[in-house]
Structure formats: structure tokens, C-alpha cells
Amino acid sequence: MIKRLQQLPTTAVSDATGGHTNVNHAIKPLDSAWHIAGRAVTVRLPDGENGAVLEAIKGATHGDILVIDAKGNTNRAVAGDFVASLAKGVGIAGFIVDGVIRDSQAMIAMGFPVFSRGTTVAAGVKNGGGQVNVPVAIGGVSVQPGDYIVADADGVAVIAQADIAHIIAKAEDKILKDEAREQQAHANGEASIRAYLDKVVK
């Protein structure tokens, strides 16, 4: 299932879900080349806190994605390059952060995918109070532990665990239909383009 999901762009997933689980566009990749897909390990953080991120890294399995609900806080980072290196070292596929990170250039250099609201120079604190594998909200979308995430340059989409097989099949079918439509529309240059436009524009 994950291998099939990794082949899908977020646009196809969005079409398959009806666009209802698209994360707010402000949460963007540090590097537009990144594309990740996997199961969500959720983290809920109080403002400025990041201690629970380490707990989540410890409990995650290879290929998981940490989905970190920092409530959009942009004052303190939920992670820097050292924490990212720990996550990468245990096989975590990336971070989706409703908040900010720091050491962005180092994260890009190590090739660890992070999607966030931006960056800051200020470190987070470890006073406790965070929770792991609880329901969270990321960019206006609810995420349950074990839901699926697809993220690339166009954005981040969430797929409910119970819907994964249906949504993957629907997204794959949409891609095939889009490819067929494009081939037909461009088969004979301008003539086929005009024929397509005559068909869809009334």
C-alpha cells in the first residue's frame, strides 16, 4: 500500500478525496523536490514545547511520518538539524509541522524532508506536556494516529486509515484518465485541441 502511495502526486490524492483533507497551503516543503508518503505518528505540542518530538521518534517505525501539531506557533522551533538527524537515522520519512523549524539549510543538506510554516532561529523548550499518538489538527485538517500522509511541492494531503485502499485506487484511476485525456487533446495539434474545447466548452 505504501509503495503505491509513494507513486501518487498530492494532486491525484486531492482529486480522489474531493479536496476535503488538503492541509493549509502555508505548510510547505523546505525543498520543492521532496515527495513523501507514509503513516502518521502524531505529536501534539504546547506552545514553544518540543520534548514530545523525541518521544515520537523513539516510538516510530521505519517509513513513518511525524505529524506535529504546534498550533501554528511561529516563535519557537519544534526541531532543528540534530533532531532531524535522529529521525532520519531511525528511518522516519519526514516531518509535517504546523509550526516552524530551524537549521533549515542543514536539513536540506542531509536530505531530510520537512514541511512546515517556515523557520525561526529560536529553539523550543523541553518542559513536558506534549502528547504522542493522539488526534491532532494540522493546517485545518484532523489527523488520527495511523492515517496516511502524502506530501510534495504542491502541498500535503491526509487519507483516513479506513479509506486508504479506496482512495489509492481512485487516484490511480484518475491519473490514467487524465493521461488518456491529454493524449486525445494533443493527438493532432491545434485541431484536436479545438475539438476538445468544443466538446467541453458550451
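Fair warning: this is a prediction, and the values are worked out from it, not measured in the lab.

On inspection of all chains with the given rule, the structure shows one aromatic pair. Their ring planes at 85 degrees and their centres at 4.9 Å tell us that Phe95 and Phe112 sit as a pair that is edge-to-face. One end of the pair, Phe95, is in strand β4 (residues 94–100); the other, Phe112, is in the loop between α5 (104–110) and β5 (114–116), with 17 residues separating them in the sequence. Classification of Phe112 as buried rests on a relative accessible area of 1%.

Strand β2 (residues 36–44) sits mainly inside the fold: seven of its nine residues count as buried. Sheet topology note: the β2/strand β9 (residues 148–152) ladder contains four bridges and is antiparallel. Within the sheet, the bridge partner assigned to Arg39 lies in β9 and is Tyr148. Relative to strand β3 (residues 65–77), β2 runs parallel, the two sharing five bridges. If you follow Arg44 over to β3, its bridge partner there is Asp69.

In the structure shown here, the tally under the stated rule is seven salt bridges. Of the charged contacts in the structure, one is a salt bridge between Glu172 and Arg4, with a shortest N-O distance of 2.8 Å. Taken together, the positions of Glu172 in helix α6 (residues 164–185) and Arg4 in helix α1 (residues 2–6) put the pair 168 residues apart, joining distant regions of the chain. Given a relative accessible area of 36%, Arg4 falls into the partly exposed group. Within the structure, one salt-bridge network assembled from shared partners comprises Asp15, Lys174, Asp178 and Arg181.

Nonpolar side chains in soluble globular proteins tend to be buried together. Core analysis: the biggest nonpolar cluster contains 24 residues, and Val53, Leu66, Ile68 and Phe95 have the highest contact counts within it. Broken down by secondary-structure element, the contributors of at least two residues to this core are β2, α3 (51–59), β3, α4 (81–89), β4 and α5. Sort the elements by how many residues they give to this core and α3 lands first, with four residues. In contact with Ile68, other than residues within four places in its own chain, are Val43, Leu45, Val53, Val78, Phe95, Ile96, Val97, Asp98 and Ile138. Ile36, Ile138, Ala151 and Val158 belong to the second largest nonpolar core, which has 18 residues in total.

Among the eight residues of helix α2 (residues 10–17), six are classified as buried, and the element is accordingly described as predominantly covered. Close packing links the buried residues of α2 with β9, β10 (155–159) and α6.

For the rest of this paragraph, the subject is the pairing of β9. Across the five residues that make up β9, a large majority, five, are buried. Here β9 shows no split at all, with Tyr148, Val150 and Asp152 on one side and Ile149 and Ala151 on the other all buried. Count of turn residues in the β9/β10 antiparallel hairpin: two residues.

A separate point is the packing of α3 against α4. For the pair α3 and α4, the least separation of the axes is 9 Å and the interaxial angle reads 15 degrees. Relative to α4, the element α3 is oriented roughly parallel. Crossing handedness for the pair α3 and α4: left-handed. On the side of α3, the interface is formed by Val53, Leu54 and Ile57, while α4 contributes Val83, Leu86 and Ala87.

Conventions adopted
Residues numbered from 1 in each chain as written. Predicted model: local features only at pLDDT ≥ 70, side-chain atom pairs only at ≥ 80, totals over all residues. Heavy atoms only, no water. Phe/Tyr/Trp six-rings, centres within 6.5 Å; stacked < 30°, edge-to-face > 60°. Helix = DSSP H or I, 4+ residues; strand = E, 2+ residues; numbered from the N terminus. Buried < 20%, exposed > 50% of the residue type's maximum accessible area, 1.4 Å probe, protein only. Pairing = 2+ DSSP bridges. Salt bridge = Lys/Arg side-chain N within 4 Å of Asp/Glu carboxyl O. Core = buried A, V, L, I, M, F, W, Y, C linked by side-chain atoms within 4.5 Å. Contact = heavy atoms within 4.5 Å. Axes fitted to C-alpha atoms, helices over the stretch in contact; angles between N-to-C directions. Parallel < 35°, antiparallel > 145°, perpendicular 65-115°, else oblique. Left-handed = near helix turned anticlockwise from the far one by under 90°.

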